[in-house]
Amino acid sequence: MQVGKPILYSYFRSSCSWRVRIALALKSIDYETVPINLIKDGGQQFSKEFQALNPMKQVPALKIDGITIGQSLAIIEYLEETRPTPRLLPQDPKKRVLVRMISDLIAGGIQPLQNLSILKQVGQENQLAWAQKAINSGFSALEQILQSTAGKYCVGDEVSMADLCLVPQVANAERYKVDLTPYPTISRINKALLALEAFQVSHPCRQPDTPPELRA
C-alpha cells in the first residue's frame, strides 16, 4: 500500500499542520516535509503547483499510499484507520464522539476565525482584538466541556485527536496574547501534553522551515 515515503506539505507555524505532525510522530511514521511558506512570495500556497495538489490552497496536505489528502482531521482519521497504533480515537463510541466533538469545536469553531486569511480581511489594526475575541469565545465553551470530559488529557487519560487539536490552538492563543487564566483545565492539559515527545518533535520551533531566530 505504501508508495515511497509519505510527504507532508507543511508550514512550521500552521496549527493545522502541527496537528498532523503530532499524529505522524505518535504513530512513528517516517515522512518528508515540503515547506509551503504562507507569507513568502505572497503565499506559496497560491502557486499553480500547490493548487493542483490542494485546490483549497491550504496546508497541510499529505501524500501517502498513492493518494493526496487535505484537511487535517481527515488526514488524522485516515492515519487512524490505516495505522491504528497507538489509538487516537477511543473504542468506546461515547468517548469517541466526545473526541470528535472537541476536535471539531477547535478545528471548525475557533481556528478558522483567527487564521491568516481571515485576519487579512479585518485590517492590520483590528487583527489582535479579532483573534482574541474568536479564541476567547471558543475557549470559554471548551473549558466548560473539558471540565466534564477530561482526565489527564482532553478525554480521559489517553492522548486522542482532541489533544492534537488543543495544543496548537493554545499556541495560537499565546501568540495572540490571550489571557489563559480563565481556562485552567485547558492550561493544565496543554502543559501535560507538551511534556510528551511527539508534541515536542512536532513543535513549530523544531521544523525544517523554522527561521533561525525562532528555533529552540
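Everything quoted here is computed from the prediction, not taken from an experiment.

A. Looking closely at the UniProt feature "domain: GST N-terminal" (unreviewed entry) in the chain. In the UniProt entry, the feature "domain: GST N-terminal" (unreviewed entry) is given for residues 4-87. Segment residues 4-87 splits into 35% helix and 19% strand. End C-alpha atoms: 24 Å apart.

B. Quick peek at a nonpolar patch on the surface. A contiguous nonpolar patch, built from L113, I118 and W130 and spanning about 250 Å² of accessible area, is present on the exposed surface. Positionally, L113 belongs in the loop between α4 (93-109) and α5 (116-122). Judged by its relative accessible area of 40%, L113 is partly exposed.

C. Focus on the packing of aromatic side chains. Applying the stated criterion across every chain, the model contains 3 aromatic pairs. Residues Y9 and F50 carry aromatic rings whose centres are separated by 6.1 Å and whose planes lie at 55° to one another, so their mutual orientation is tilted. A residue pair is termed long-range when its members are at least 10 positions apart, and Y9 in strand β1 (residues 7-10) and F50 in helix α2 (residues 48-53) qualify at 41 residues. Ring centres of F139 and Y183 lie 5.5 Å apart, and the angle between their planes is 80°; this geometry places the pair in the edge-to-face category. Of this pair, F139 sits in helix α6 (residues 127-149) while Y183 sits in the loop between α7 (161-175) and α8 (184-194), placing them 44 residues apart in sequence.

D. Up close: the pattern of salt bridges. Scanning all chains against the criterion turns up 4 salt bridges. Linking K5 and D30 is a salt bridge whose minimum nitrogen-to-oxygen distance equals 3.2 Å. Of this pair, K5 sits in the segment before β1 while D30 sits in the loop between α1 (15-26) and β2 (32-35), and the two are 25 residues apart along the sequence. Using a relative accessible area of 39% as the deciding quantity, one classes K5 as partly exposed. Where R100 meets E77, a salt bridge forms, and the shortest distance between an N and an O atom there is 3.0 Å. Remark: E77 occurs in helix α3 (residues 72-82) and R100 occurs in helix α4; sequence separation between them is 23 residues. By relative accessible area, E77 is classed as buried at 19%.

E. Layout of the packing of α6 against α8. It is the contact of α6 with α8, at a shortest axis distance of 8 Å, that shows an interaxial angle of 75°. It follows from the interaxial angle that α6 and α8 lie roughly perpendicular. Listed contacts from α8 to F139, L142, E143, L146 and Q147 of α6 are P184, T185, I186 and I189. For the contact of α6 with α8, a count of residues per class yields 6 nonpolar, 2 polar and 1 charged.

The rules behind each value
- Residues numbered from 1 in each chain as written.
- Predicted model: local features only at pLDDT ≥ 70, side-chain atom pairs only at ≥ 80, totals over all residues.
- Heavy atoms only, no water.
- UniProt positions renumbered as here; feature names shortened; annotations may be inferred.
- Helix = DSSP H or I, 4+ residues; strand = E, 2+ residues; numbered from the N terminus.
- Patch = residues over 30% accessible without salt bridge, like charges linked within 9 Å, V, L, I, M, F, W, Y side chains within 5 Å.
- Areas by Shrake-Rupley, 256 points an atom, 1.4 Å probe, with all protein chains shown as cover.
- Salt bridge = Lys/Arg side-chain N within 4 Å of Asp/Glu carboxyl O.
- Buried < 20%, exposed > 50% of the residue type's maximum accessible area, 1.4 Å probe, protein only.
- Phe/Tyr/Trp six-rings, centres within 6.5 Å; stacked < 30°, edge-to-face > 60°.
- Axes fitted to C-alpha atoms, helices over the stretch in contact; angles between N-to-C directions.
- Parallel < 35°, antiparallel > 145°, perpendicular 65-115°, else oblique.
- Contact = heavy atoms within 4.5 Å.
- Nonpolar A, V, L, I, M, F, W, Y, C, P; charged D, E, K, R; others polar.

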